[in-house]
Structure formats: C-alpha cells, structure tokens
Amino acid sequence: EDQVTQSPEALRLQEGESSSLNCSYTVSGLRGLFWYRQDPGKGPEFLFTLYSAGEEKEKERLKATLTKKESFLHITAPKPEDSATYLCAVLTGSARQLTFGSGTQLTVLP
Amino acid sequence: DTAVSQTPKYLVTQMGNDKSIKCEQNLGHDTMYWYKQDSKKFLKIMFSYNNKELIINETVPNRFSPKSPDKAHLNLHINSLELGDSAVYFCASSQEDRPDFGPGTRLLVL
C-alpha cells in the first residue's frame, strides 16, 4: 500500500527564517509527486509536480525537490502570507488517483 | 470564472437523512473526483469518474454514490447519513494527472 508521510506536522517560523518541509513516500511505481497549498476554509491549490529524482521546481519563495524516497519543499525568507497547510501527494500505478500525506501546517510570524 | 464549483458550501443535517452535493467544472476536463478531508486534514480519494468509468475506493461505504449527468458534473449522493460522515468533501477535476480542487462542502451530521 502506498504511504506518504509529511513532517513536521506543524512549523512556526519568524518572517525571513528559511526552512524546509519533508514528504517521504513508500510507493510502487511513482508517476509523479505533487505539492499543494491549502488555506483555511478553502480547497487545495496546486503548486508543483515533480516526475523524476533530481528534478527541481521553483515558484517565488518556494522550491520543490525530489529524490527516490522523499521530496522537500524549501521556503526561502517566508512572509506571513505563506502561512497555510502544505500537502504532498503521490500518483502511482495506472489509477489516476492521488494519495495524500496529512500535511504540514506552516505559520509565519511577522 | 470559477473552475470547479460545489454547492452547498455548508450542509448541516440530522443523522439518517439523505443529502446530495453538486459539483460542476468548466475546465473541459475528462476526469472528476470526490475527496473526503477529515478533522485531521487528511485528504482521501473516494471516487474518480472518467468517460463513464467509475473507480471506487474500496473503503467507501455503499451509502455514498456518485452521479454524473454529463462530463462537466459529478454529484455526490449520501444515504442514511451517520455522525462519522461529518467532514469536508472536495470535488476535483483533471485533464492529465493534476487535479484542480473545488472550494469544499462542509458537512455536519447531528
């Protein structure tokens, strides 16, 4: 059974304090790894898809990386508006369905 | 220009009732989904529907049934609601592998 584990569960940062969120996975046949951002009371918002080990993608203060066992979401000089829950998900096999981790709740203090 | 929309946004009902949640997407996507997010923010696939092919997560009780009148709509009907059905239900759609999520329907069963 595919498993996705995110850590830490919660992270509090001061504005400007860079850090990383981790997503480790145990799957058979990874087809893609997805990062989403979810604000309170809203649906998940797509950030990145990574398809192969060594791939990296960037968007503003966020950078996602992928290895054969885990993915990191690096946040550089975060701002309070980066506060949200960050969800990681994997796509495996022939079924077009994502398996999600439980998320990391990020709070950036001004 | 809402991409994936759901109604209602909130749903409060008594145990034993039957209720439906409607979902519409205007993205022209081929695949639609229903996800359930529990109180711990864990997002889990319930159904995916593609060209009249329904893939059901085996853990979903048969009280839950998706209904698709056309390619742009996938409604969720729930019979005999139970307390444990209280959660946030997200509709999503995708053309390839990346789902775009709706805003969610918050269901509370009393």
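Let me sum up the structure you'll find in this document. Just so it is clear, the structure is predicted and the values come from calculations on it, not from any experiment. (Residues numbered from 1 in each chain as written. Chains lettered and ligands numbered in written order. Predicted model: local features only at pLDDT ≥ 70, side-chain atom pairs only at ≥ 80, totals over all residues. Heavy atoms only, no water.)

**Quick notes on the packing of aromatic side chains**
Any pair of aromatic rings gets described here by the distance separating the centres and the angle formed by the planes.
Now for step 1: Following the criterion strictly, the structure yields 9 aromatic pairs over all chains and no others.
Now for step 2: For the pair A:Tyr36 and B:Phe101, a centre-to-centre distance of 5.4 Å together with 90 degrees between the ring planes defines the contact as edge-to-face. In this pair, A:Tyr36 is assigned in strand S4 (residues 30-38) and B:Phe101 in strand S10 (residues 100-101), connecting two distinct chains.
Now for step 3: For A:Tyr36, a relative accessible area of 0% gives the class buried.
Now for step 4: Note on A:Phe100 and B:Tyr35: the rings are 5.8 Å apart at their centroids and 90 degrees apart in plane angle, and the pair reads as edge-to-face. With A:Phe100 in strand S10 (residues 98-100) and B:Tyr35 in strand S4 (residues 31-37), the pair connects residues from two separate chains.
Now for step 5: Every member of this aromatic cluster is reached through a ring pair, and the members are A:Tyr36, A:Phe46, A:Phe100, B:Tyr33, B:Tyr35, B:Phe90 and B:Phe101.
Now for step 6: The lysine or arginine in question, B:Arg98, covers the ring of A:Phe46, its NZ or CZ lying 4.2 Å from the ring centre. (Phe/Tyr/Trp six-rings, centres within 6.5 Å; stacked < 30°, edge-to-face > 60°. Helix = DSSP H or I, 4+ residues; strand = E, 2+ residues; numbered from the N terminus. Buried < 20%, exposed > 50% of the residue type's maximum accessible area, 1.4 Å probe, protein only. Lys NZ or Arg CZ within 6 Å of the ring centre and 35° of its normal.)

**Re the pattern of salt bridges**
Should the charged atoms of two oppositely charged side chains come close, the side chains can pair.
Now for step 1: Taken as a whole and judged by the stated rule, the model has 9 salt bridges over all chains.
Now for step 2: Ionic pairing is found between B:Asp97 and A:Arg31, a salt bridge with its closest N-O pair at 3.2 Å. Linking B:Asp97 in the loop between strand S9 (87-94) and S10 with A:Arg31 in strand S4, this pair reaches from one chain into another.
Now for step 3: Measuring nitrogen to oxygen at the nearest pair gives 2.6 Å for the salt bridge that ties B:Asp100 to B:Arg98.
Now for step 4: Of the residues examined, B:Asp100 reaches a relative accessible area of 18% and is grouped as buried. (Salt bridge = Lys/Arg side-chain N within 4 Å of Asp/Glu carboxyl O.)

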